Amino acid sequence: METEEQSRNRFQIELEFVQCLANPNYLNFLAQRGFLREKPFVNYLKYLLYWKEPEYAKFLKYPHCLHMLELLQYEHFRKELVNGQCAKFIDEQQVLHWQHYSRKRMRLQQALAEQQQLQQQQPSTHSNAASK
């Protein structure tokens, strides 16, 4: 039986490890060292899929790690990670995604701020028309 402290430690260790999976260079390291070919390690990756559940996913700072965890379930993906160019490509794609996401998020926030500003101005226009 696991004590509360042991359970807390396991949670923290697994949280940190799952988030490390967002780093393609770390995945390349694991693949080159042969970890991704070992059945117990592959089983561990399968076990870690519970992090996709909302009650666990809410603790993740790097949710992209869940996509990598999903891809690691496929043998072909695990084999490709041995290639440094594969890890580099994934890394570049992540950067492009984050750049696009940041720009898109900024545009959405600006549009929302403009919309809120217009809504605040409209009631004062209606109240002035009603008082005349």
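Residues numbered from 1 in each chain as written. Predicted model: local features only at pLDDT ≥ 70, side-chain atom pairs only at ≥ 80, totals over all residues. Heavy atoms only, no water.

In the nomenclature of an unreviewed UniProt entry, the protein is known as Mediator of RNA polymerase II transcription subunit 31 of Chanos chanos. Per UniProt, the protein has the following entry under Subunit (unreviewed entry): "Component of the Mediator complex." (UniProt positions renumbered as here; feature names shortened; annotations may be inferred.)

**Q** Could you give an account of the environment of Phe-11, naming the residues involved and the relevant values?
**A** As for its position among the elements, Phe-11 is in helix H1 (residues 4-20). On the basis of relative accessibility, which here comes to 23%, the residue Phe-11 falls in the partly exposed class. Considering only alpha carbons, one finds Phe-11 and Tyr-56, 45 residues apart in sequence, at a separation of 9.6 Å. Among all residues touching Phe-11, those that are not within four sequence positions of it are Trp-51, Tyr-56 and Phe-59. (Helix = DSSP H or I, 4+ residues; strand = E, 2+ residues; numbered from the N terminus. Buried < 20%, exposed > 50% of the residue type's maximum accessible area, 1.4 Å probe, protein only. Contact = heavy atoms within 4.5 Å.)

**Q** I'd like to hear about the nonpolar core, residue by residue, with values.
**A** Ranked by internal contacts, the top residues of the largest apolar core, which has 24 residues, are Leu-36, Leu-45, Trp-51, Leu-72 and Leu-81. Top contributing element to this core by residue count: helix H5 (residues 64-71), with four residues. For Leu-45, the residues in contact, after removing those within four places along its chain, are Phe-17, Leu-21, Leu-36, Leu-69, Leu-72 and Gln-73. (Core = buried A, V, L, I, M, F, W, Y, C linked by side-chain atoms within 4.5 Å.)

**Q** Pulling in residues and values, what's your account of the packing of aromatic side chains?
**A** Summed over the entire model, instances satisfying the criterion amount to twelve aromatic pairs. With 5.2 Å between their ring centres and 85° between their planes, Phe-11 and Phe-59 make a pair best called edge-to-face. With a gap of 48 residues between them, Phe-11 in helix H1 and Phe-59 in the loop between helix H4 (54-57) and H5 connect regions that are remote in the sequence. Considering the side-chain rings of Phe-17 and Phe-41, the 6.1 Å spacing of their centres and the 90° angle between planes classify their relative orientation as edge-to-face. One end of the pair, Phe-17, is in helix H1; the other, Phe-41, is in helix H3 (residues 39-47), with 24 residues separating them in the sequence. Overall, the relative accessible area of 14% leaves Phe-17 in the buried class. (Phe/Tyr/Trp six-rings, centres within 6.5 Å; stacked < 30°, edge-to-face > 60°.)

**Q** Can you tell me about H1, naming the residues and giving the values?
**A** Helix length check: H1 (17 residues) gives 24 Å between terminal C-alpha atoms against 24 Å at 1.5 Å per residue, within 8%. Within the sequence span of H1, burial applies to Glu-14, Leu-15, Phe-17, Val-18 and Gln-19. Packing partners of the buried residues in H1 comprise helix H2 (24-32), H3 and H5. (Expected span 1.5 Å × (residues − 1).)

**Q** Give me the packing of H1 against H3: which residues, what numbers.
**A** One way to put it is that H1 packs onto H3 with a least axis distance of 12 Å and a crossing angle of 100°. Taken together, the axes of H1 and H3 lie roughly perpendicular to each other. The residues of H3 that touch H1, namely those facing Arg-10, Glu-14 and Phe-17, are Phe-41, Tyr-44, Leu-45 and Tyr-47. Class assignment for the residues of the contact of H1 with H3 results in five nonpolar, no polar and two charged. (Axes fitted to C-alpha atoms, helices over the stretch in contact; angles between N-to-C directions. Parallel < 35°, antiparallel > 145°, perpendicular 65-115°, else oblique. Nonpolar A, V, L, I, M, F, W, Y, C, P; charged D, E, K, R; others polar.)

**Q** Got a sec to walk through the environment of Lys-52? Specific residues and values, please.
**A** Note that Lys-52 resides in the loop between H3 and H4. When its relative accessible area of 40% is taken as the criterion, Lys-52 is described as partly exposed. Distance from Lys-52 to Cys-65, taken between C-alpha atoms, is 9.8 Å for residues 13 residues apart in sequence. At 2.5 Å, the side chain of Lys-52 and the side chain of Glu-70 are in polar contact. (Polar contact = N/O pair within 3.5 Å; in protein donor to acceptor, adjacent residues only side chain to side chain.)

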